[in-house]
Amino acid sequence: MELVVDSGVRKMEGEAMTRNETLICAPIMADTVDQMLNLMQKAKISGADLVEVRLDSLKSFNPQSDIDTIIKQSPLPTLFTYRPTWEGGQYAGDEVSRLDALRVAMELGADYIDVELKAIDEFNTALHGNKSAKCKVIVSSHNYDNTPSSEELGNLVARIQASGADIVKFATTALDIMDVARVFQITVHSQVPIIAMVMGEKGLMSRILCPKFGGYLTFGTLEVGKVSAPGQPTIKDLLNIYNFRQLGPDTRIFGIIGKPVSHSKSPLLYNEAFRSVGFNGVYMPLLVDDVANFFRTYSSLDFAGFSCTIPHKEAIVDCCDEVDPTAKLIGAVNCVVRRPDGKLFGCNTDYVGAISAIEEALQGSQPSMSGSPLAGKLFVVIGAGGAGKALAYGAKEKGARVVIANRTYERARELADVVGGQALSLDELSNFHPENDMILANTTSIGMQPKVDDTPIFKEALRYYSLVFDAVYTPKITRLLREAHESGVKIVTGVEMFIGQAYEQYERFTGLPAPKELFKKIMAGY
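None of these values were measured; they are calculated from a predicted model.

Summing up its helical and strand segments, the chain has 18 helices and 20 strands in all. Along the first, second and third principal axes, the C-alpha set of the chain runs to 85 × 50 × 45 Å. For the chain, with 526 residues in total, the buried portion stands at 57%. Long-range contacts, defined here as pairs at least 24 residues apart, represent 70% of the contacts in the chain between residues at least 6 apart. Accessible surface computed for the chain: about 21600 Å², of which carbon and sulfur atoms make up 49%. Separation between the mean location of the 53 positive side-chain charges and that of the 63 negative ones in the chain comes to 4 Å.

If you check UniProt for "domain: SDH C-terminal" (unreviewed entry), the listed places come out as residues 494-521 in our numbering. Counted over residues 494-521, helix gives 82% and strand 0%. Its end C-alpha atoms are 16 Å apart.

Taken in spatial order, the eight strands line up as S7-S6-S5-S4-S3-S2-S1-S8 in an open sheet, and their pairing is parallel. The open sheet has two free edges, formed respectively by strand S7 (194-199) and strand S8 (217-219), since each of these has just one partner strand. The mean angle between the axes of side-by-side strands here comes to 25 degrees, regardless of whether they run parallel or antiparallel. Alignment of strand S5 (residues 136-142) against strand S6 (residues 167-173), held across five bridges, turns out to be parallel. Opposite isoleucine 138, over in S6, you have isoleucine 167 as the bridge partner.

With mixed pairing, the six strands of this open sheet are ordered in space as S10-S9-S11-S13-S14-S12. Of all strands in the sheet, those bounded by a partner on one side alone are strand S10 (281-287) and strand S12 (322-323). Direction of pairing for strand S13 (residues 335-338) relative to strand S14 (residues 344-347): antiparallel, over a ladder of four bridges. Looking across to S14, one finds that valine 337 is bridged to phenylalanine 345. Relative to S13, helix H17 (residues 494-510) is tilted by about 10 degrees, and along the sheet it contacts strand S9 (252-258), S10, strand S11 (303-308), S13 and S14.

Turning to the domain arrangement of the chain, a few remarks are in order. We note that the domain assignment places domain 1 (23-249), domain 2 (270-347 + 501-524) and domain 3 (372-492) within the chain. In this structure, domain 1 and domain 2 have C-alpha centres spaced 34 Å apart. Roughly 1600 Å² of surface becomes buried between domain 1 and domain 2 when both sides are summed, with 64% attributable to carbon and sulfur atoms. Taken together, domain 1 and domain 2 are joined by two salt bridges. Among the ionic pairs, aspartate 289 bridges to lysine 202, the shortest N-O distance being 2.8 Å.

What follows concerns the layout of surface pockets. Here the largest pocket defines a volume of roughly 560 Å³. The wall of the largest pocket is formed by 21 residues, among which Leu204, Asp237, Tyr242, Ser262 and Pro285 lie closest to the centre. Broken down by element, the residue count for the lining of the largest pocket peaks at three residues, all from S10. Residue-level mapping places the lining of the largest pocket at the junction of two domains, with at least three residues from each of domain 1 (23-249) and domain 2 (270-347 + 501-524).

A word on the pattern of salt bridges. Under the counting rule described, the total for this entry stands at 30 salt bridges. Of the charged contacts in the structure, one is a salt bridge between aspartate 179 and arginine 182, with a shortest N-O distance of 3.0 Å. Here the residue aspartate 179 and the residue arginine 182 both occupy positions in helix H6 (residues 179-188), the gap between them amounting to three residues, near one helical turn. Owing to a relative accessible area of 9%, aspartate 179 belongs among the buried residues under this scheme. Under the relative-accessibility criterion, arginine 182 is labelled buried at 16%. Residue glutamate 435 is joined to arginine 401 by a salt bridge in which the shortest nitrogen-to-oxygen separation is 2.8 Å. Of this pair, glutamate 435 sits in the loop between strand S17 (422-425) and strand S18 (438-442) while arginine 401 sits in strand S16 (residues 401-406), and the two are 34 residues apart along the sequence. With a relative accessible area of 29%, glutamate 435 lands in the partly exposed category. Connected through shared salt-bridge partners, Arg83, Glu95, Arg98, Asp114, Glu116 and Lys169 make up one network.

Rules used in this analysis
- Residues numbered from 1 in each chain as written.
- Predicted model: local features only at pLDDT ≥ 70, side-chain atom pairs only at ≥ 80, totals over all residues.
- Heavy atoms only, no water.
- Helix = DSSP H or I, 4+ residues; strand = E, 2+ residues; numbered from the N terminus.
- Buried < 20%, exposed > 50% of the residue type's maximum accessible area, 1.4 Å probe, protein only.
- Contact = heavy atoms within 4.5 Å.
- Areas by Shrake-Rupley, 256 points an atom, 1.4 Å probe, with all protein chains shown as cover.
- Lys, Arg positive; Asp, Glu negative; His and termini not counted.
- Charge placed at Lys NZ, Arg CZ, Asp CG, Glu CD.
- UniProt positions renumbered as here; feature names shortened; annotations may be inferred.
- Pairing = 2+ DSSP bridges.
- Axes fitted to C-alpha atoms, helices over the stretch in contact; angles between N-to-C directions.
- Domains from an automatic or database assignment.
- Buried area = accessible area lost by both parts, 1.4 Å probe.
- Salt bridge = Lys/Arg side-chain N within 4 Å of Asp/Glu carboxyl O.
- 1 Å grid on protein atoms, 1.4 Å probe; cavity = no way out; pocket = protein on both sides within 12 Å on 5 of 7 lines; lining within 4 Å.
- Points joined across faces, edges and corners; volume = space filled by probe spheres on them.

Following this line, the structure appears as structure tokens:
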């Protein structure tokens, strides 16, 4: 299935970006009404438009008095939900009492109530036609197992509409990021107000892009991890990272494709840069299993550009219609741009970012020296994947003698043969020191969060190196870099490579000069 929802994408340089109409709803879950009211104040301060009062989270509950208190004291419009255990909530009591509480909320002035599709007929019967004109009824369905087919989703929406819903709501579970495309198709073609979410990390895109595809609201939490459904972002991230208020039908979509990908600081960097120049784009983490299927599914011009990270840099080469000659030589792509004709162009900016940062560190106070300080150096690359290929190629181009160390010797040998270098297994690395003043570059994920105690080489071996570089930047100072510094060795962090490779990507994505000082300022605070 292809997602095709082109909408005349454009830049918004110099234009005021208007606020969209999609609402941000803060789920409120607490033991007591007083705690809920406190959280509601925080939601207002955070920038939420309304609050979802999760009655099923209350430890004790008197429907008439508690609902009246909440409605009268809430600083924001209210959506009341009383979710039963059979629909993923906490309420385990009888249905008559549960539905009666929602009826009370409607009568006392709630702005919205959420009634499950499985219970709506019983609820409508109990109302006897006395529906409040003010209160909108959201009829909802939640699937915690998967995301059904487009046909099944269409039928589901039709059943919800037929129940008399003012607003249709359904939430499914993402087993693959491709599942989100089916939900976007339903949302963008809906003739009634619709809330459509795909739960889980692979469904994050569905929550951020609601304004682009016409969703009525999205849910944003007050704190990281305190969610009412899997995969909810915080209100702070929606507003401050993803520029949620400015997203709309014309917004171009960018992202970082990887697995894992939640650690990436790229959304922070690109979205701030987009906002600084009024560029109508949004950049998101995209947890992708199969890159070829991803590009087939999200084939519209709206999906305009992608950064690529572990483990997809090599596989993406075959997905591109055209590959930059250097990237082709390296055999890895870390940047993909969709051209106006829909063709995918791939290039590699890794080697420029990393090699430039290493050269600058080696030159130190003597930046005017002729030639590269890497010339003639023994340059040891850990890893034979996409980033390893990029650095091996870059070092060779600068005149270094390249050594590849990898967990599997065969892959190290393959890359070493390509660049005319030597191969080692990773187990041999700590005992490899044919000379002093070598350069070490880790391009693997060893030492990346959460496995921050891992390192690819014994500390004792680091004294044979004059500089150690680590492509990992979460954490900024890995165990490898910390031990190198303790050994008196110059270090270059993955942040420097990250910033360096982002310059060209930003320019390819936007057609605008990279805001280099802004990039440095953003990452200086990290």
